[in-house]
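Each chain, letter by letter, is given below.
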Amino acid sequence: MEETFQKTVERVKKLNLLKEDDLKLLQRVDAASAELVNSEYESYLERKFNDKAIPLLSRYKVMGIPIDRRYGGDGANSLVHCLAMQRFGQVGMGIVTLVDVHQFLGSLTLQQWGTEEQKQRILPEAAEGKSVLAYALTEPEAGSDPSSMASSFETNDDAYILNGSKYLISNGSIAKYVVVFARSKIDGAISAFIVDSKTSGFEVAMRLSEKLGLFTSDTALLEFHEMAIPKDALLGKLGKGLSVAYSALLNGRIGIASGCIGVMEDCLNSCVERAKYRMQHGKEIGKHQLIQKHLAHIATDLESARWPVYLAAIMKDELDADLKNAELLRSVDRQSATAKLIASRNAYDAADRAVQIFGGFGYSILSPVGKHLVDTRVARIYEGTDEIMELKVASSILGKEFEAYK
Ligand SMILES: Cc1cc2nc3c(=O)[nH]c(=O)nc-3n(C[C@H](O)[C@H](O)[C@H](O)COP(=O)(O)OP(=O)(O)OC[C@H]3O[C@@H](n4cnc5c(N)ncnc54)[C@H](O)[C@@H]3O)c2cc1C
């Protein structure tokens, strides 16, 4: 029984949560994903960024899925966006990373926190795919604890002057606009800025290619040297940058978790096919009970992650209608962390079992499941590690006074 994208869409359609426009959008996502498979695979084999992905996604008009229609996007809600990311996940985490950073961490953050002028200037071209967005929080010495960041800014009459570096930035060398975080040299408070990468002093210091996997996604080290950005580049309120950063991650984690559902579906489909035709000891390997055990694990891992992810998306839609509700924000934050923790762990485990089912061919770079294994590992690290997700869930249950870290 193949776990197709169409089956999921049919199931959700029956809940009456999808409108006609949503279905049309998901058809475009499906067609774009089918066409992406070859170039993703070729780029993976060549260990390089897939430069065909953005033109292709733009052609199918799926670069602005959550962006409001006023700014040229589809205005899709979180559940629809989650289903789209699930389909991209079947292709692989390289595409999920590109889309997640551009749409969730970049565009949605700008939509939530930007001024009308910023939104009108940047979002339409982002929705068309004419410009790509990135999100630069991590630094060489500040990962899980962004509040310890060293990047700084000073203020003069008409500009902010930024200095510092940002490490492991997805879309970093291809982005036109980057959401950047830096601390004030006066009071140490962190602010967020939307920075044009053409600004003098903005440097892509290095494209980071020494990754274990995820080759088809661009990752860069950025440096800012006396980079003067206009006052209207401030995103949100001065000194409130961490609120911007954390709200972006709440959204982004749902996207990554959704992508992981797609990874598990693709692993399951590949394994079912393999188990039915690969013969060993005189019968199809699918008739060996221990192979069935692996298949059962992958299938149950998939289903135990699916609902937490959909629930996070549904709760996020509730939050979007009630942004000032602090209690709801805490619940959605916890659900988004829960979804990412479960889905990314399960996806990695599913990919590992899939490699086992494929045997020696599974360990080849030519096998689809081997690609998922190396590409999916990162989902347990970026946008908050497993450990940080666990601490977030625990402190949300125990209460603020039990927070294990600040
Ligand atoms: C391919 C890739 C793409 C990325 N893309 C982006 C991007 O686009 N933008 C961006 O800003 N960042 C990006 N990142 C960075 C990513 O978000 C960080 O790597 C991640 O947040 C972890 O930070 P770190 O690597 O510094 O690890 P560290 O924070 O040094 O953590 C090391 C270990 O210590 C654990 N740890 C840390 N603190 C605690 C604690 N209080 N309690 C228990 N355990 C703890 C961690 O869980 C981890 O196991 C990317 C990373 C990768 C690998």
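Predicted model only: the values in this text are computed from it and were never measured.

S.K.: What's the story with the overall build of the protein in this structure? I'm lost.
M.R.: Summing up its helical and strand segments, the protein has eleven helices and ten strands in all. Overall, the protein is about 80 × 45 × 45 Å in size when its C-alpha atoms are taken along their principal axes. Here the protein holds 406 residues, and 50% of them are scored as buried. Nonlocal contacts in the protein, meaning residues at least 24 apart in sequence, comprise 74% of its contacts between residues at least 6 apart.

S.K.: In this structure, what is going on with the pairing of strand β5 (residues 190-196)? I would like to understand it.
M.R.: Along any regular strand the residues' side chains alternate between the sheet's two faces. Counting buried positions along β5 gives six out of seven residues, so the element sits mostly inside the fold. Across seven bridges, strand β4 (residues 177-184) lies against β5 in antiparallel orientation. Across the sheet, residue Y177 finds its bridge partner in β5, namely D196.

S.K.: Is there a simple way to explain the environment of R377 in this structure?
M.R.: For R377, the position within the fold is in the loop between α10 (368-376) and α11 (386-398). Take R377: there are 19 C-beta atoms within 10 Å of it, and that puts it in the partly exposed class. Between the C-alpha atom of R377 and that of N171, which follows or precedes it by 206 residues, the distance is 18 Å. Contacts of R377, omitting those with residues within four sequence positions, involve L212, G213 and Y348.

S.K.: Just to check I follow, could you spell out the site of the ligand for this structure?
M.R.: Inspection of the region around the ligand gives 22 residues, with T138, G143, S144, T385 and E387 positioned closest. Per-class residue counts for the shell around the ligand are 13 nonpolar, six polar and three charged. Two domains share the shell around the ligand, each providing at least three of its residues, namely domain 2 (135-235) and domain 3 (241-402).

S.K.: Is there a simple way to explain helix α2 (residues 20-45) in this structure?
M.R.: Note on helix geometry: an α-helix contains 3.6 residues per turn, so any two residues three or four positions apart are oriented the same way. If you check α2, its first and last C-alpha atoms are 38 Å apart, about what 26 residues at 1.5 Å a residue would give, namely 38 Å. At L36, α2 shows its largest bend, some 35 degrees. When we look at burial in α2, the residues that qualify are D22, L25, L26, V29, D30, A32, S33, L36, E40 and Y44. Once α2 finishes, R47 follows within two positions and takes phi at roughly 55 degrees, a positive value.

S.K.: I would appreciate a short explanation of the pairing of strand β1 (residues 133-136) in the present structure.
M.R.: Side chains L133 and Y135 project from β1 onto one buried face, and the interleaved A134 and A136 project onto a second face that is buried too. As paired elements, β1 and β4 share four bridges and run parallel to each other. When the bridges of β4 are listed, Y135 appears paired with V179.

S.K.: Looking at this structure, I do not really get the packing of helix α4 (residues 78-91) against helix α7 (residues 241-277). What am I missing?
M.R.: When two helices pack together, their arrangement is given by the angle between the helix axes and the distance between those axes. Contact geometry of α4 with α7 gives a least axis separation of 6 Å together with a crossing angle of 45 degrees. Classified by the interaxial angle, the pair formed by α4 and α7 is oblique. The interaxial crossing formed by α4 with α7 has right-handed handedness. When α4 is examined against α7, the residues S78, C82, M85, Q86, R87, F88, G89 and Q90 are found in contact with a partner set consisting of I254, G255, S258, G259, C260, I261, G262, V263, E265 and D266.

How each quantity is defined
Residues numbered from 1 in each chain as written. Predicted model: local features only at pLDDT ≥ 70, side-chain atom pairs only at ≥ 80, totals over all residues. Helix = DSSP H or I, 4+ residues; strand = E, 2+ residues; numbered from the N terminus. Buried ≥ 20, exposed ≤ 12 C-beta atoms within 10 Å, placed from the backbone. Contact = placed C-beta atoms within 7 Å. Pairing = 2+ DSSP bridges. Near = placed C-beta within 6 Å. Nonpolar A, V, L, I, M, F, W, Y, C, P; charged D, E, K, R; others polar. Domains from an automatic or database assignment. Expected span 1.5 Å × (residues − 1). Bend = angle between axes of the 7 residues up to and from the residue. Axes fitted to C-alpha atoms, helices over the stretch in contact; angles between N-to-C directions. Parallel < 35°, antiparallel > 145°, perpendicular 65-115°, else oblique. Left-handed = near helix turned anticlockwise from the far one by under 90°.

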